[in-house]
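Geometric and topological summary
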Amino acid sequence: MRTLIRNGRAVIKDRIEDADVLVEGATIAAVGQLGAVTADRVIDAAGCYVLPGLIDFHTHVDDQIGRFYLADSYESGTRAALLNGITTLCTFVTQGQGSLLEAMAAARAKAEGRSHCDVLWHLTPTRFEPEELRALETLLAAGYRTLKLYTTYKAAGIFASYGRIEDLFRRLGPLGAQFMVHCEDDAVIAGVNAGALDLAQAHSHTRLRPEQAETVAIQRVVDLALTYRAALHVVHVSTAEGARILARNRSQGRISFETCPQYLFLDDQWLAREDGHRWLCSPPLRSCRAELLELVRNGAADIIATDHCAFRPEDKDSWDGRDLRSYPNGLPGIGALPHVTWKIWEDDPDRAALGLSTQLALNPAFRAGVQDRKGALAPGLDADIAVLDPAGPERPLRSTLVPAFEAFPGFTSKLLFRHVLLRGDPLVENGRLLEPDRPQGLPLQPSPETLSFH
Ligand SMILES: [Zn+2]
């Protein structure tokens, strides 16, 4: 099957061209002025940008977080993704008590046959005995690449000390590991006098997890990464100062960071509302949002990702106004990602389209180690393609398709995904799934059962 996408404005890495895109089977065959080429199917992209399929580099679905189970399954999370041009959803597998391989197998079982877009897992190891480290080495050799570490959350059993992080940088860095680190310094948080705060006020969250916790941890982890030449990606940066430290130390592509739409478009005043507990997330919404937005407008962030973590309304509203620390932390975002990212540059549509191509496709593909398959409109790559009309009907944002409080109420968008192709198959037309009952997403990494462990 040959598909020709013509008359569109193709976003090719860092430039925009009036170019056709030819798809053969599951891959891109050619990009350029293709003249009188024949095809079985022609998509008219007049008035639209033709983008590489987008990637949400940071989401949480179908998982237990503390005492709450997330609202989104792989099915619903990937459905929201594909409808919004996202053809690869990156999510996490957390080790827990058993082996990482058991956790990986359980996550795959939940995803396979139910995902509407491709799925890639970041690994969150929580145990570091010699056999667990050997398993990690085998996974890295098999093409897994991203490891997530936390400088906080001791009670949840996922905390890694700076000493542990240093060991892992030294041992696994040379094997190609890309370290994703949640930076909030546990000692700074432990040093906050919670007794002096009104824990019935959601806004106190900003004092319990202060900006300084983030900037201290970022500086420590950056110093370690520079010492060991480790590839470091700091997740969900919420502070302007954190972004400045990282941008200053970005060297040869080995240090990068992401921020999230909520830190760019929502500030801590949302926590001061009567229903402010619905906006609890960690790190918290900040007062420096405009400053961070200006840095990101000027290209400071490598990736924009959601940290999508949707809870059911009854779980978010189980709030009894006593101690805000025992309530679910997290906001939905997958369905809003391209729309809110567009708003960063909305006075300049070409710049916004380039932002989508760079921060939502090219850079995440490189960080995830799938740049030979995903992330750009180039011959030989998977034909994951989003045809985006920037002048569709205006409608409210919908961060998730399952019941959950909207993170961006009152926000609207005119972006309409006219066509979304996943590995050459047209699966979305005019914002509708063509085959809602036939999810066609695949895991991007090999099944752990196929690997041999010694
Ligand atoms: Zn997260």
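Attention shifts here to the coordination of the zinc ion. For the zinc ion, the full set of protein donor atoms is H58 (NE2), H60 (NE2) and D307 (OD), and the range of their distances to it is 2.1 to 2.2 Å. Along the chain, the residues donating to the zinc ion fall in the pattern H-x1-H-x246-D. Pair noted here: H60 is in the loop between β8 (54-56) and β9 (64-65) and D307 is in the loop between β17 (303-304) and α11 (313-316), with a separation of 247 residues, a long-range link. Of the two residues examined, H60 and D307, each falls in the buried class.

Right, let's talk about the packing of helix α3 (residues 130-141) against helix α4 (residues 162-172) for a bit. Axis separation between α3 and α4 bottoms out at 12 Å; the angle between their running directions is 45°. When the axes of α3 and α4 are compared, the pair comes out oblique. You can see that α3 and α4 cross each other, and the crossing is right-handed. When α3 is examined against α4, the residues L133, L136, E137 and L140 are found in contact with a partner set consisting of L168, R171 and L172. Looking at the contact of α3 with α4 residue by residue, the classes come out as 5 nonpolar, no polar and 2 charged.

Quick look at the nonpolar core now. Among the nonpolar cores identified, the biggest contains 108 residues, and L123, F169, F179, L232 and F408 are the most heavily contacted of them. Examining the composition of this core, we find that 6 residues originate from one element, helix α7 (residues 211-228), more than from any other. In this view, L123 contacts V93, L100, M104, L136, L139, Y144, T146, L147 and K148; residues no more than four positions away in its chain are not counted. Formed by 16 residues, the second largest nonpolar core is a distinct cluster that contains I5, A45, V50 and I385.

With that settled, the discussion passes to the pattern of salt bridges. Scanning the entire structure with this criterion turns up 30 salt bridges. The partner of D382 in a salt bridge is K374, with the nearest N and O atoms 2.8 Å apart. K374 shares its class with D382; the two are buried. One network of salt bridges, with partners in common, ties together D118, R373, K374, D382, D384 and R423.

Quick notes on the rules
Residues numbered from 1 in each chain as written. Predicted model: local features only at pLDDT ≥ 70, side-chain atom pairs only at ≥ 80, totals over all residues. Heavy atoms only, no water. Donors = N, O, S within 2.8 Å, 3.2 Å for Na, K, Ca; no water. Helix = DSSP H or I, 4+ residues; strand = E, 2+ residues; numbered from the N terminus. Buried < 20%, exposed > 50% of the residue type's maximum accessible area, 1.4 Å probe, protein only. Axes fitted to C-alpha atoms, helices over the stretch in contact; angles between N-to-C directions. Parallel < 35°, antiparallel > 145°, perpendicular 65-115°, else oblique. Left-handed = near helix turned anticlockwise from the far one by under 90°. Contact = heavy atoms within 4.5 Å. Nonpolar A, V, L, I, M, F, W, Y, C, P; charged D, E, K, R; others polar. Core = buried A, V, L, I, M, F, W, Y, C linked by side-chain atoms within 4.5 Å. Salt bridge = Lys/Arg side-chain N within 4 Å of Asp/Glu carboxyl O.

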